[in-house]
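# Examination of the molecular architecture
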Amino acid sequence: MNWQRRLYSWAWLLATPLVRHYLKKRARKAPAYLEHWDERFGSQLQPRAQGAIWIHAVSVGETRAAQPLVAALREVWPDAPLLMTQMTPTGRATALQLYPDAEVRYLPYDYPQAAQAFLAAYRPRLGVLMETELWPNLIHAAAEQKVPLFLANARLSEKSLNGYLKISGLISPAVAALSAVAAQTPEDGERLRKLGASEVEVCGNTKYDIQPPPAQLTLAGEFKSRIGRRRVMVCASTRDGEEALILDAWRAAAQELGDALLVLVPRHPERFDDVAALAESRGLRVQRRSDGAVVDSATQVWLGDSMGEAFAYFACGDLAFVGGSLLPLGCHNLIEPASVGVPVLFGPSIFNFKQAAALALAADAARQVANAAELIGAVIELLGDEDRRQSMRESALAFSGAHSGASQRMSALFRRKLEA
């Protein structure tokens, strides 16, 4: 262990009281942060089975993105158990929903002893870290215990690369210790090589491989029957600060919008009540998806206060806006609404989906807006132009289907490395 990693490990130990305080603070709005506490600190190591395919996906988006990759890996190793680890309660809940036969638990924080004990207890056949989960002690422990560990769906912005290079003595040896890296784009791959990765292959993005579940499309039909014949604008995965901007712009354009319904789906469930209060404070009539009732003709905002139903919300809409893009948060998954043939709108911040956004714009499947006022202006324009919306629907389906196959490429890469 070099001095940088030794210092990093000591920092984890010293920060433990702050970590515990953070979890308790988060638990004030999301009590699930206090559940399974011991797992986070390396306790409760009672594996259901050893030799699993282990997937670490930090939260909801990564857990969903792993679905087609898990299916591809199970084609290669059909008898292997599945172990899913997360860092957030919403990610854990998503894993329990999507992978009912898996063992689901939190990954311990990156204490050296916790990482070593976790791997020694579970002895996975292989491990997959989704997207940008670089935990130095975990990666080194995997190398020491000869657990093949891969970075999948890997992406790295120029800004993140520059940040990591400032602590290259800590990060670069860890990246170099990975068995292989499956990068989303050539640019991601080149940046990861600069960071120290030696085995890099550009495989694409598994999020293009996700198929809308039939049950979600059936649910979308139920939503449409509850809404009626009104035009629908879906704003999903919105983040704190974005809803206020959208609601203000929606209220200001109420006359032009007519009877159009705003379906607002916050990213985090602990904010459902806050977002409802935001809408009501602006004099807007709000109903909740959870009330099970028909949407009243006077309702202006239908709050999507449920988890795991993103495809159903998108599929019931005429247009979809993807949150995390009005504020500098990088945008959430814009491929999902496109995959159900819904024209996509997003804001200026797209660094998490830079390539997908560029491809969607080039395919005429999406439109980018500068702010909330421009967003609602685009909504008014497109809701009034059925031919334009139909053209964008067809383009959205073509865009989402044109870039599939990443999961199979990743599975083939991992198999080659294990058989080498």
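Nothing here was measured: the structure is a model prediction, and the numbers come from that model. (Residues numbered from 1 in each chain as written. Predicted model: local features only at pLDDT ≥ 70, side-chain atom pairs only at ≥ 80, totals over all residues. Heavy atoms only, no water.)

### Focus on the overall build of the chain
Along the backbone of the chain there are 20 helices and 14 strands. Taking 2.2 N^0.38 as the reference for a compact globule, 420 residues should give roughly 22 Å; the C-alpha atoms of the chain span a radius of gyration of 22 Å, in line with that estimate. Seen through its principal axes, the chain has C-alpha atoms that stretch 65 × 45 × 45 Å. Across the 420 residues in the chain, those meeting the buried criterion constitute 57%. Within the chain, contacts between residues at least 6 apart in sequence are counted, and of these 68% link residues at least 24 apart. (Helix = DSSP H or I, 4+ residues; strand = E, 2+ residues; numbered from the N terminus. Rg over C-alpha atoms; globule rule 2.2 N^0.38 Å. Buried < 20%, exposed > 50% of the residue type's maximum accessible area, 1.4 Å probe, protein only. Contact = heavy atoms within 4.5 Å.)

### Some words on the packing of aromatic side chains
Under the criterion given, the structure shown has 13 aromatic pairs. Between the aromatic rings of Phe 41 and Tyr 109, the centroid separation amounts to 5.5 Å while the plane-to-plane angle is 70 degrees, which identifies the pairing as edge-to-face. With Phe 41 in the loop between helix 2 (37–40) and strand 1 (53–56) and Tyr 109 in the loop between strand 3 (103–106) and helix 6 (112–122), the pair connects residues that are 68 residues apart, well separated along the chain. When the centroid spacing of 4.2 Å and the interplanar angle of 25 degrees are considered together, the rings of Phe 150 and Phe 414 count as stacked. Of this pair, Phe 150 sits in strand 5 (residues 149–154) while Phe 414 sits in helix 20 (residues 406–419), placing them 264 residues apart in sequence. For the pair Phe 150 and Phe 414, a shared accessibility class is recorded, and that class is buried. An aromatic cluster of three or more residues is present, and its members are Trp 12, Trp 37, Phe 41, Tyr 109, Tyr 111 and Trp 135. In this structure, Arg 40 packs its charged tip against the face of Tyr 106, placed 3.9 Å from the ring centre. (Phe/Tyr/Trp six-rings, centres within 6.5 Å; stacked < 30°, edge-to-face > 60°. Lys NZ or Arg CZ within 6 Å of the ring centre and 35° of its normal.)

### Quick word on the sheet that holds strand 11 (residues 301–303)
Taken in spatial order, the 7 strands make up an open sheet running 10-11-9-8-12-13-14, and their pairing is parallel. Two strands in the sheet have a free side with no partner beyond their single neighbour: strand 10 (286–288) and strand 14 (366–368). Geometrically, the sheet is characterised by an average inter-axis angle of 20 degrees between neighbouring strands, direction not taken into account. (Pairing = 2+ DSSP bridges. Axes fitted to C-alpha atoms, helices over the stretch in contact; angles between N-to-C directions.)

### Notes on the UniProt feature "active site" (unreviewed entry) in the chain
Residues given the UniProt feature "active site" (unreviewed entry) here are Glu 62. Turning to its location among the elements, Glu 62 is positioned in helix 3 (residues 60–65). Here Glu 62 falls in the buried class, since its relative accessible area comes to 15%. Sequence-distant contacts of Glu 62, that is, excluding residues within four places in its chain, are made with Ala 57, Met 130 and Glu 131. (UniProt positions renumbered as here; feature names shortened; annotations may be inferred.)

### Quick notes on unusual backbone geometry
At Glu 131, a residue that is not glycine, the phi angle is positive and equals roughly 75 degrees. Note that Glu 131 resides in the loop between strand 4 (126–130) and helix 7 (136–144). Residue Glu 131 is classed as buried on the basis of its relative accessible area, which comes to 3%. One non-glycine residue, Asp 364, lies in positive phi territory at about 65 degrees. With respect to the helices and strands, the residue Asp 364 is situated in the loop between helix 17 (354–362) and strand 14. Given the relative accessible area of 26%, Asp 364 is considered partly exposed.

### Thoughts on helix 20
Across its 14 residues, helix 20 extends 20 Å between first and last C-alpha, which sits within 8% of the 20 Å expected from 1.5 Å per residue. Taken as a whole, helix 20 has its buried residues at Ala 406, Ser 407, Met 410, Ser 411, Leu 413 and Phe 414. All buried residues of helix 20 fall inside an arc of 160 degrees around its axis, so they share one side. Along its buried surface, helix 20 packs onto helix 4 (67–76), strand 4, strand 5, strand 6 (180–183) and strand 7 (200–202). (Expected span 1.5 Å × (residues − 1). Arc of directions from axis to C-beta.)

### Notes on helix 11 (residues 214–227)
Residues spaced three or four apart along an α-helix face the same direction, because each turn holds 3.6 residues. With 14 residues, helix 11 ought to run about 20 Å at 1.5 Å a step, and its terminal C-alpha atoms sit 20 Å apart, in line with that. Those residues of helix 11 that fall on the buried side of the exposure criterion are Gln 216, Leu 219, Ala 220, Phe 223, Arg 226 and Ile 227. End-on view of helix 11: buried residues confined to an arc of 115 degrees, all on one side of the axis. Residues of helix 11 that are exposed and point more than 90 degrees away from the buried face comprise Pro 214 and Ser 225.

### Section: the layout of surface pockets
Estimates place the volume of the second largest pocket at around 290 Å³. Every residue along the wall of the second largest pocket is listed here: Lys 25, Arg 26, Lys 29, Ala 30, Arg 239, Asp 240, His 268, Glu 270, Arg 271, Asp 274, Leu 278 and Leu 329. For the lining of the second largest pocket, the secondary-structure elements that each account for two or more residues are helix 1 (3–27) and helix 14 (272–281). Considering only residue class, the lining of the second largest pocket consists of 3 nonpolar, 1 polar and 8 charged. (1 Å grid on protein atoms, 1.4 Å probe; cavity = no way out; pocket = protein on both sides within 12 Å on 5 of 7 lines; lining within 4 Å. Points joined across faces, edges and corners; volume = space filled by probe spheres on them. Nonpolar A, V, L, I, M, F, W, Y, C, P; charged D, E, K, R; others polar.)

### Quick look at the pairing of strand 4
With respect to burial, strand 4 is a largely interior element, 5 of its 5 residues being buried. Alternating residues of strand 4 divide into Leu 126, Val 128 and Met 130 and Gly 127 and Leu 129, and every residue in both groups is buried. Where strand 4 and strand 5 come together, 4 bridges link them in parallel fashion. Residue pairing in the sheet places Met 130 in a bridge with Ala 152 of strand 5. Considered for its hand, the β-α-β crossover made up of strand 4, helix 7 and strand 5 is right-handed. (Right-handed = clockwise from strand over helix to strand, strands pointing away.)

### What to know about the pattern of salt bridges
This structure, assessed with the given rule, holds 25 salt bridges. Measuring nitrogen to oxygen at the nearest pair gives 3.1 Å for the salt bridge that ties Glu 131 to Lys 207. Of this pair, Glu 131 sits in the loop between strand 4 and helix 7 while Lys 207 is found in the loop between strand 7 and helix 11, placing the two residues 76 residues apart along the sequence. Across the pair, Lys 207 and Glu 131 agree in class, each one buried. (Salt bridge = Lys/Arg side-chain N within 4 Å of Asp/Glu carboxyl O.)

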